[in-house]
Structures are given as structure tokens and as C-alpha cells.
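Listed below are the residues making up each chain.
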Amino acid sequence: QMQLVQSGGGLVQPGEDLRLACEASGRIERLNAMGWYRQAPGKQRELVASKMGNYEAEYGDSVKGRATIWREDVSNRLMFLRLNSLTPEDTAVYYCTMNIFNPTDGTNDYWGQGTQVTVSS
């Protein structure tokens, strides 16, 4: 069973930068799309960044100009999110997601376990 395992996050000072990682547990035949979402207390889950195939990445309005999504090219199993100049409004649980095709399982969406990011001095 494919799983996405997230790392990074925790307590971050305002103004600092953040890097989150997301690694798939198994082999990926084709990575169709990848993304990062976040959910703050009392709010709906919102898009942080997404990228489909070789298209340009898309970013949520609240992070445009501060976020970058990319993947490790060799195996497609590892992807990252960098978020610069954090503010307390960036406090949320961050989730990664991948849309993966494998011959044995077909095409499926997978989600990471979530990572708490708290921006506070």
C-alpha cells in the first residue's frame, strides 16, 4: 500500500523560511500531479501549491511569491515545499498529495499524514 510520509515543520519564528518534504513509500511509474494543502484551525483546507506534469506550478493567493514546489527528479518519490518569510497566518497543518499511476494499482490520489507548522515568536 503506497504511503506518503511527510517531514519538516514544527515551530518556526516569524520571518524564517520553511522546507517540508514528502516521500512516497513505493515505486512510482508515473507521477501525474503533486501538491501541498494546509488547514488552519476553524478554516477550510486551502491550496498552497500544486503542479501537474510538466505544467507550471500554481500557488495559493496567500503564498504567491513566497512558495516553491519541486520534486526530486530521479525517482519521483520525493517532493518538497519551500515557504519563505513565514507569518503567524501560515500556522496550519500542511498536507502533501500525489496522483500516482502504477500498473498494479492504476491511478490513485495519496495523502500524507499532515505536519503541524506553528509560526510564533
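Residues numbered from 1 in each chain as written. Predicted model: local features only at pLDDT ≥ 70, side-chain atom pairs only at ≥ 80, totals over all residues. Heavy atoms only, no water.

Enquirer: Describe the overall build of the protein chain, naming the residues involved and giving the relevant values.
Expert: Looking only at helices and strands, one finds zero helices and 11 strands in the protein chain. Starting at the N terminus and ending at the C terminus, the protein chain contains elements arranged as β-β-β-β-β-β-β-β-β-β-β. A compact globule built from 121 residues would reach a C-alpha radius of gyration of about 14 Å, and the protein chain, at 14 Å, matches this within 12%. Taking the principal axes of the C-alpha coordinates as reference, the protein chain spans close to 45 × 25 × 25 Å. Going through the 121 residues of the protein chain one by one, you find that 40% of them count as buried. For the protein chain, contacts bridging at least 24 residues in sequence account for 57% of all contacts bridging at least 6. Per element, the accessible surface of the protein chain, about 6,800 Å² overall, is 46% carbon and sulfur. Distance between charge centroids for the protein chain: 1 Å, based on 12 positive and 14 negative side chains. (Helix = DSSP H or I, 4+ residues; strand = E, 2+ residues; numbered from the N terminus. Rg over C-alpha atoms; globule rule 2.2 N^0.38 Å. Buried < 20%, exposed > 50% of the residue type's maximum accessible area, 1.4 Å probe, protein only. Contact = heavy atoms within 4.5 Å. Areas by Shrake-Rupley, 256 points an atom, 1.4 Å probe, with all protein chains shown as cover. Lys, Arg positive; Asp, Glu negative; His and termini not counted. Charge placed at Lys NZ, Arg CZ, Asp CG, Glu CD.)

Enquirer: Go over the sheet that holds strand β3 (residues 18-24), please, and point to the residues and values.
Expert: Strand order in the open sheet made by the four strands is β1-β3-β8-β7, with antiparallel pairing throughout. Only two strands of the sheet have a single neighbouring strand rather than two, namely β1 (4-7) and β7 (67-71). The sheet shows a mean angle of 15° between the axes of neighbouring strands, taken without regard to direction. Looking at chain direction, β7 and strand β8 (residues 78-83) are connected through five bridges and run antiparallel. Counted as the bridge partner of threonine 68 is arginine 82 from β8. (Pairing = 2+ DSSP bridges. Axes fitted to C-alpha atoms, helices over the stretch in contact; angles between N-to-C directions.)

Enquirer: Give me the lowdown on the packing of aromatic side chains, citing residues and values where you can.
Expert: One pass over the full model with this rule turns up two aromatic pairs. Relative to tryptophan 111, the ring of tyrosine 37 lies with its centre 5.5 Å away and its plane at 55°, an arrangement referred to as tilted. Placement of the pair is tyrosine 37 in strand β4 (residues 30-39) and tryptophan 111 in strand β10 (residues 106-111), with a sequence separation of 74 residues. Residue tryptophan 111 is classed as partly exposed on the basis of its relative accessible area, which comes to 40%. The cationic tip of arginine 45 hangs over the ring face of tyrosine 95; the distance from NZ or CZ to the ring centre is 4.0 Å. A cation sits over an aromatic face here: arginine 45 above tryptophan 111, 5.0 Å from the ring centre. (Phe/Tyr/Trp six-rings, centres within 6.5 Å; stacked < 30°, edge-to-face > 60°. Lys NZ or Arg CZ within 6 Å of the ring centre and 35° of its normal.)

Enquirer: Lay out the side chain of asparagine 102 with the relevant residues and their values.
Expert: Within the secondary structure, asparagine 102 is located in strand β9 (residues 92-102). Note on asparagine 102: relative accessible area 8%, which makes it buried. Polar contacts involving the side chain of asparagine 102 include one to the main-chain amide nitrogen of glutamate 29, which spans 2.7 Å. In this structure, asparagine 102 is in contact with Met2, Arg27, Ile28 and Glu29, ignoring residues within four places of it in sequence. (Polar contact = N/O pair within 3.5 Å; in protein donor to acceptor, adjacent residues only side chain to side chain.)

Enquirer: Requested: an account of the pattern of salt bridges, with residues and values cited.
Expert: Counting across every chain of the model gives seven salt bridges. For arginine 38, the salt bridge goes to glutamate 46, with nearest N and O atoms at 2.6 Å. The buried category is assigned to arginine 38, whose relative accessible area is 4%. Assessed through its relative accessible area of 32%, glutamate 46 is described here as partly exposed. The salt bridge partner of lysine 64 is aspartate 61, with a shortest N-O separation of 3.3 Å. In this structure, lysine 64 and aspartate 61 share a single accessibility class: exposed. The structure contains a network of salt bridges with shared partners spanning Arg38, Glu46, Arg66 and Asp90. (Salt bridge = Lys/Arg side-chain N within 4 Å of Asp/Glu carboxyl O.)

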